[in-house]
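Now for the letters of each chain:
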Amino acid sequence: IWARYRAQGDAGLLHGNQGRASNRRVADATREAVLEAYRLHYPDFGPTLAAEKLAQRQGIVVDHETLRRWLMDCGQWQRQRRSNKYRSRRNRRERFGELVQFDGSPHEWFEDRGPACCLMNMVDDARGITLGFLSEQETTEAAMRLLWAWIDTYGIPQALYCDRKNAFVLDREPSIEEQLAGIRPQSPFQRACRRLGIELIVAHSPQAKGRVERNHGVYQDRFVKELRLAGISCIEQANGFLQHSYLPAINKRFGKEAAEPEDAHVPLVDGTDLRDVLCFEENRVVSRDFVLQFERRLYQIPPGLRHRPRPGDKVVVRKWLDDTVHFYWKDKPLPVQELILTQP
């Protein structure tokens, strides 16, 4: 460089390839073909997702940063700048299953091709592994079905992080009867988590469970477009696509290894029936004629039982997710017969 400077002056400090096209430069025809395919098929896709789809569906391989630069040059994409309030980020938990974030995301998942519905979603805090399904609404039953699916797939997590929605937790003062009994009101979901030994942690802001909130953003960008490309417009088909195609791909792409290899999930105790845990539970009082009433239906406790409750005793009624009703007394099944009342 010093020799060039002595020989050529300031001009000797300039790179010799300045102003020349790079040998690795993409041909103009290829660049235009990529931009045309983007305009035609993926006009509202981000550069990263668009680059993936161009490779998968059109066989056009282009780096997502190259595509981003091309789109910005021709005015089809703007740099996304965020200026949010500073919040210190909590470190991830160290083990898979130590904490799982849980939430629902109502959204127009089918855009204008179908009704709005809700994504029930669980995200592991340590690995970022996600599991979810679409439901018509964010209900307690949908929350139970999602937890059931997680337990079937991975085991029982140590803790769940959710918000204060009534589908998950009850946020009311205890009744007089509850105060006298010294108990706090619990939702069916809280009760099920307690029986499974799962700690339920309630978040006081969306930022507290930011991992699942950010995951909703990924779904609302990628999953909506995947459903559009697949021509899916109903919940049943979307859930099939979600389980067999989207979730394996998204977990492979965004999942990571936990800091500690030990799995914190706990297996189900032998003999535990999740139908009897993830259910709706209430108490009913035995009447003088040994009849129980539940949801405007009457059930007779038959005579001749060796052990049966007396009038005034409380019986536990559990309604399973398949809508069947089961009665228990002293933690044992209580046989009953439904009374069919005929109109005179």
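Just so you know, these numbers come straight off a predicted model, no measurement behind them.

## Structural notes on the packing of aromatic side chains
- Summed over the entire model, instances satisfying the criterion amount to 14 aromatic pairs.
- Seen from their ring centres, Tyr42 and Phe45 are 5.0 Å apart, and the 55° between their planes marks the pair as tilted. Each member of the pair, Tyr42 as well as Phe45, is classed as buried.
- Their ring planes at 50° and their centres at 4.9 Å tell us that Phe223 and Tyr246 sit as a pair that is tilted. Of the two residues, Phe223 sits in helix α8 (residues 210-230) while Tyr246 sits in helix α9 (residues 235-254), which places them 23 residues apart along the sequence.

## Comments concerning the confidence of the model for the protein
- Averaged over all residues, the pLDDT of the protein is 87; the fraction at 70 or higher stands at 89%.
- Mean pLDDT values over the elements of the protein span from 68, in helix α6 (residues 176-181), up to 95, in helix α5 (residues 140-153).

## Details of the packing of α8 against α9
- Their axes nearest at 11 Å, the elements α8 and α9 cross at an angle of 130°. With respect to α9, the element α8 is oriented oblique. Seen from above, α8 lies across α9 with right-handed handedness. The residues of α9 that touch α8, namely those facing Val218, Tyr219, Arg222, Phe223, Glu226 and Leu227, are Ala238, Phe241, Leu242, Tyr246, Leu247, Ile250, Arg253 and Phe254.

## With respect to the sheet that holds strand β12 (residues 337-339)
- If you walk across this open sheet you meet the 3 strands as β7-β8-β12, and the pairing is antiparallel. Every interior strand has two partners, whereas the edge strands, β7 (291-294) and β12, have only one. The mean inter-strand angle of the sheet, taken between neighbouring strand axes irrespective of direction, is 35°.
- Of the strand pairs in this sheet, strand β8 (residues 297-300) and β12 are connected by 3 bridges, and their pairing is antiparallel. Opposite Tyr299, over in β12, you have Glu338 as the bridge partner.

## Comments concerning the nonpolar core
- Formed by 47 residues in total, the largest nonpolar core has its most connected members in Phe102 and Leu147.
- Of all the elements in the fold, those that place two or more residues in this core are β1 (100-107), β2 (117-124), β3 (130-135), α5, β4 (159-162), α7 (188-196), α8 and α9.
- With 7 residues, α5 is the largest single contributor of residues to this core.
- If we ignore the near neighbours within four places in the chain, the residues touching Leu147 are Phe102, Met122, Leu160, Phe189, Cys193, Leu196, Ile198 and Leu278.

## Looking at the environment of Leu200
- Its place among the elements puts Leu200 in strand β5 (residues 199-202).
- Distance in space between the C-alpha atoms of Leu200 and Leu160 is 5.0 Å, their sequence separation being 40 residues.
- Leaving out residues up to four positions away in the same chain, Leu200 has contacts with Leu160, Cys162, Phe168, Val169, Phe189, Gln190 and Cys193.

Parameters and conventions
Sequence positions are assigned chain by chain, starting from 1 and proceeding in written order. With pLDDT at 70 or above as the cut-off, local features in this predicted model cover only qualifying residues; side-chain atom pairs require 80 or more to be listed or tallied, and sums for whole chains, interfaces and linings still use all residues. Working from all heavy atoms in the structure, the side-chain values ignore hydrogens and water. Within 6.5 Å between ring centres, the rings of Phe, Tyr and Trp (the latter by its six-membered ring) count as paired, and their orientation is classed by plane angle as stacked under 30 degrees, edge-to-face over 60, tilted in between. A simple rule labels every residue: compare its accessible area, found with a 1.4 Å probe on the protein chains alone, to the largest value its type can have, and call it buried under 20%, exposed over 50%, or partly exposed in between. What counts as a helix is a DSSP run of H or I of at least four residues, what counts as a strand is a run of E of at least two, and both are numbered from the N terminus. Per-residue confidence from the predictor is given as pLDDT, running between 0 and 100. Note on method: axes are straight lines fitted to C-alpha atoms, helices fitted across the in-contact stretch only, with angles between N-to-C directions ranging 0 to 180 degrees. The scheme is simple: roughly parallel for angles under 35 degrees, roughly antiparallel for over 145, roughly perpendicular for 65 to 115, oblique for anything else. Note on convention: the crossing is left-handed when the near helix lies turned anticlockwise from the far helix by less than a right angle, right-handed when the turn is clockwise. The contact rule is simple, with two residues in contact once any of their heavy atoms fall within 4.5 Å. Whether two strands pair comes down to DSSP finding at least two bridges between them. What is meant by a nonpolar core is a set of buried Ala, Val, Leu, Ile, Met, Phe, Trp, Tyr and Cys residues, joined one to another through side-chain atoms within 4.5 Å.

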